[in-house]
Amino acid sequence: MRILVTGGAGFIGSNFIRHLLATESACHIVNLDKLTYAGNLENLTDVERDPRYRFVKGSICNVQLVDELLKEGFDALINFAAESHVDRSIQDARAFVETNVLGTQIILEACRRHQVPRMVQVSTDEVYGSLGSFGRFTEESSLRPNSPYAASKAAADLLVAAYFRTYGLPVIVTRSSNNYGPYQFPEKVIPLFITNALADEPLPLYGDGLHVRDWLHVQDHCAALALILKNGVSGEIYNIGGHCERANIDVARLILSTLGKPVTLITRVKDRLGHDRRYALDTSKLEQALGWQPRRAFETGLKETVGWYGGHVTWWTRIKAGQYREYYRQTYGDLSCVSP
Ligand code: NAD
Ligand code: TYD
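Presented here is an overview of the structure given in this document. Please read these numbers as outputs of a predicted model, since none were measured by experiment.

## Describing the overall build of the protein chain
- What the protein chain contains, in helices and strands, is twelve helices and twelve strands.
- With respect to the three principal axes, the spread of C-alpha positions in the protein chain is 55 × 45 × 35 Å.
- Taken across its 340 residues, the protein chain has 55% of its residues classed as buried.
- Within the protein chain, contacts between residues separated by at least 24 positions form 83% of all contacts whose residues are at least 6 apart in sequence.

## Brief notes about the site of ligand 2
- Not every one of the 19 residues close to ligand 2 is listed here, only the nearest: E126, P204, R272, H275 and Y332.
- E126 has a polar side-chain atom sitting 2.5 Å from an oxygen atom of ligand 2.
- For ligand 2, a nitrogen atom lies 2.7 Å from a polar atom in the backbone of P204.
- Protein chains shield 97% of the accessible area of ligand 2, which is 510 Å² for the free molecule.

## Details of the nonpolar core
- If you look at the biggest cluster of nonpolar residues, it comprises 37 residues, and the most contacted ones within it are I190 and F298.
- Listed by contribution, the elements that provide at least two residues to this core are α6 (189-198), β8 (203-206), β9 (212-217), α8 (248-259), β12 (266-269), α10 (298-311), α11 (313-321) and α12 (324-332).
- When residues no more than four places from it in sequence are discounted, the contact partners of F298 are Y180, I190, W215, C244, R246, V251 and L254.

## Examining the sheet that holds strand β7 (residues 178-180)
- Within the open sheet, the three strands sit side by side as β7-β9-β11. Their pairing is mixed. A strand with exactly one partner marks an edge of an open sheet, and here the two such strands are β7 and β11 (245-247). When the angles between neighbouring strand axes are averaged without regard to direction, this sheet yields 50 degrees.
- Pairing of β7 with β9 involves three bridges; the strand directions are parallel. Bridge assignment links N178 to a residue of β9, and that residue is W215.

## Some remarks on helix α5 (residues 148-167)
- Between its first and last C-alpha, α5 extends 28 Å over 20 residues, near the 28 Å set by a 1.5 Å rise per residue.
- What α5 keeps buried is the set Y149, A150, S152, K153, A154, A156, D157, V160 and Y163.
- Tucked inside the fold, the buried residues of α5 contact α3 (86-91), α4 (94-113), β5 (119-124) and β6 (171-176).
- Two residues or fewer after α5 comes G168, characterised by a positive phi angle close to 70 degrees.

## Overview of the sheet that holds strand β1 (residues 2-6)
- Pairing is parallel across the open sheet formed by seven strands, whose spatial order is β3-β2-β1-β4-β5-β6-β10. At either margin of the open sheet sits one strand with a lone partner, and together these are β3 (53-57) and β10 (237-240). Sheet twist, expressed as the average angle between the axes of neighbouring strands with direction ignored, equals 20 degrees.
- Inspection of the sheet shows strand β4 (residues 76-79) paired to β5 by three bridges, in the parallel sense. By the bridge assignment for β5, I78 is matched with V120.
- Here helix α2 (residues 63-71) sits on the sheet in contact with β1, β2 (28-33), β3 and β4, set at roughly 175 degrees to β2.

Conventions we followed
- Residues numbered from 1 in each chain as written.
- Chains lettered and ligands numbered in written order.
- Predicted model: local features only at pLDDT ≥ 70, side-chain atom pairs only at ≥ 80, totals over all residues.
- Heavy atoms only, no water.
- Helix = DSSP H or I, 4+ residues; strand = E, 2+ residues; numbered from the N terminus.
- Buried < 20%, exposed > 50% of the residue type's maximum accessible area, 1.4 Å probe, protein only.
- Contact = heavy atoms within 4.5 Å.
- Near = heavy atom within 4 Å.
- Polar contact = N/O pair within 3.5 Å; in protein donor to acceptor, adjacent residues only side chain to side chain.
- Areas by Shrake-Rupley, 256 points an atom, 1.4 Å probe, with all protein chains shown as cover.
- Core = buried A, V, L, I, M, F, W, Y, C linked by side-chain atoms within 4.5 Å.
- Pairing = 2+ DSSP bridges.
- Axes fitted to C-alpha atoms, helices over the stretch in contact; angles between N-to-C directions.
- Expected span 1.5 Å × (residues − 1).

See below:
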């Protein structure tokens, strides 16, 4: 099976490439990635010499490049390429529209021209918007995205659906909950809190800290994606969730207790604009159709993840000392507290 992975140098994409190479001996993977601030070839050093793997640097917004690549002939394309951080989308949404919306349309058009038999669009539960204390989103729930990031992902999902209905393009959309695990860029809350705690620096907790996310280990996500790539039904949407809802403050406390660090490192900061209160997914469709279940309990997965960051200090200190430093300074300032 020849697979074009777009955005494979980021967090989930690099885990997915590693998963596929480990589980599918006959696969051949080309990874097209622009290497934005979030793309990092160090995420793939262990597989870069594998003869079944090839890296191509470039953007999914480059029509000619995507077209040339697809001429090589692929059995499937899976699109991870995106601007992925909500806070950055609040600061400046332009790149989100360019890559997440226009880039997806360019991929869809190229898949149509070259008759790629399977395209999987990796989307997010954030397209459904925010929940109160009860209920879960199903694949039939309305799209009510709140952040510019979520709106750009929802727009891409609608384009994917339009290409299915209009041209019969064999596409699938997956919507997963928040991922965590190795190689996640330390702007996202779990690696941010772990790496700050390791360095005895404050953990910036937004607002009252009672916002709830459903946590899915990245390897469980990758297993679901591999299954969907093989056996999913074209035109369908699949939710992928971890059944691990946790409030942010509890995640912060768990990280600190795992590392034996004081809770006084938790520092309340100004809330995110338009901060979604809670996400939760009904995943019965995927479980019934393809027999998938998340395997890692959150406490086990988090402990392993804390261990991974503790063992890969060079990986994340290089990132934190690079261009990310300016973003961090702009976003968190001197981390001054707001009153509790
Ligand atoms: P990430 O930010 O770690 O990686 C994104 C990758 O895309 C990077 O390697 C980057 O260089 C690449 N990229 C960005 N713009 C590109 C372009 N124009 N052309 C080619 N490559 C480009 O993101 P992630 O956390 O790995 O997320 C991957 C996908 O999964 C995204 O589509 C995201 O919306 C979705 N998703 C993420 C989560 C999560 O919790 N991280 C949850 C649900 C869905
Ligand atoms: P994040 O990892 O950015 O994922 P998303 O916004 O896509 O769910 O944030 C997860 C939760 O953590 C979210 O409720 C916002 C919160 N958060 C903080 O409290 N402090 C932070 O510094 C960050 C980045 C996030």
